[in-house]
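Coordinates in review
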Amino acid sequence: MPASRKSPPILSIIVPVHNHARTIGPVLHALKPFRDRNAEIIVVDGGSNDDTAMLARPLADQVIRSPLGLGRQMNEGAKVASGFIFLFLRPETRLPLDADTQVMYGRSRDTAVWGRFDLRIQGRHMLLPLVARWLNWRSRASGIATGDQAIFVQRESFFRVGGFSHLPVLEDVDLCERLRTLSPPICVTSRVTVPGERYDRYGVWKTLRDNSMKRLRYRLGADPKALAERYSGSPGGIARAAQMVSPSLPLPSDPQDRPQKRNKSQPRQWPTER
């Protein structure tokens, strides 16, 4: 905790990174106003082989190392966080300037224990504003958010549902399904900004179709590792996904076989390869 901090933080912003040396500076400089207002910034490095961790240390309250994997990295960040509220921020997502105020205001006027932001997609395709509106509507209607939407959650509630599951894909959707059993989300209308390279590269309709089919197959019980392989953009992504199934929080042990029924208030676990 910085010497200038006079009181424990209410908000902890947890940023999972891996080989982000070229961008970690701008990412953390953008968070400086929140840090100046007493938010805690925690960077979780998933074993980078560049200078990510070294460059992050002057700009964050804590920089810790973790085995690679979004869910596991965010769980490790939550373990060391001091705040009453955790905000999980992917490094490519940019928060609105009043994000901390919006989180506190939402909590003060609502009994919900978690929430997310609307999003804006930044890219060249002329349909991206309409895509963002549809995604925001879908999230509001379903009570499910994606990691791009900067999910935030009370500390006690996060640990109560077991944190992020150890899945190679859709760990964000899985967490929201369990948090939704505690309360509906706070839907902050201030928008985070996310890059639209996927839409520019693969096209709007293909990207939307693939994302929708991935979520549908997941809901129908498809193995997340198979989904990661089917919808990964590169072999490296598949190799990375294989590293994301290791357990982190002290959750129930992985089943030996895929469960036929699942209590949605419990983390979804999958067996590692034997």
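Here's what I pulled together on the structure shown here. (Residues numbered from 1 in each chain as written. Predicted model: local features only at pLDDT ≥ 70, side-chain atom pairs only at ≥ 80, totals over all residues. Heavy atoms only, no water.)

1. Here we look at the packing of aromatic side chains
Convention followed: Each Phe, Tyr or Trp ring (for Trp, its six-membered ring) is paired with any other whose centre lies within 6.5 Å, and the angle between the two planes then decides the class: stacked below 30 degrees, edge-to-face above 60, tilted in between. Each residue's exposure class comes from its accessible area (1.4 Å probe, protein chains only) as a fraction of the maximum for that residue type: buried when under 20%, exposed when over 50%, partly exposed otherwise.
Applying the stated criterion across every chain yields a total of 8 aromatic pairs. Look at Phe 86 and Phe 88: their rings are 6.2 Å apart centre to centre, the planes differ by 75°, and that puts the pair in the edge-to-face class. For Phe 86, a relative accessible area of 0% corresponds to the buried category. A centroid spacing of 5.4 Å and a plane angle of 75° characterise the contact between Phe 158 and Phe 159, whose relative ring orientation is edge-to-face. Classification of Phe 159 by relative accessible area gives partly exposed; the value is 33%. Linked through ring pairs, Phe 86, Phe 88, Phe 158, Phe 159 and Phe 164 together constitute an aromatic cluster.

2. Quick notes on helix H6 (residues 128-142)
Stated formally: For the purposes of this entry, the term helix denotes a DSSP run of H or I that reaches at least four residues, the term strand denotes a run of E that reaches at least two, and both are numbered from the N terminus. To estimate how far a helix should reach, multiply one less than its number of residues by 1.5 Å. Of all possible arcs, the one meant is that of the directions from the helix axis to the C-beta atoms. Two residues qualify as a contact provided that any one of their heavy atoms is within 4.5 Å of a heavy atom in the partner residue.
A rise of 1.5 Å per residue sets the reference length of H6, with its 15 residues, at 21 Å; its end C-alpha atoms lie 21 Å apart and thus fit the reference within 8%. Listed in full, the buried residues belonging to H6 are Leu 128, Val 131, Ala 132, Leu 135, Asn 136, Arg 138 and Ser 139. With its buried residues spanning 160° around the axis, H6 presents them on a single face. Projecting away from the buried face of H6 at angles above 90 degrees are the exposed residues Pro 129, Leu 130, Arg 133, Trp 137 and Ala 141. At its buried positions, H6 is contacted by strand E5 (114-122), helix H9 (197-202) and helix H10 (204-219). Looking one or two places after H6, you find Gly 143, whose phi comes out positive at around 75°.

Purely geometric stuff here, so don't read any function into it on its own.
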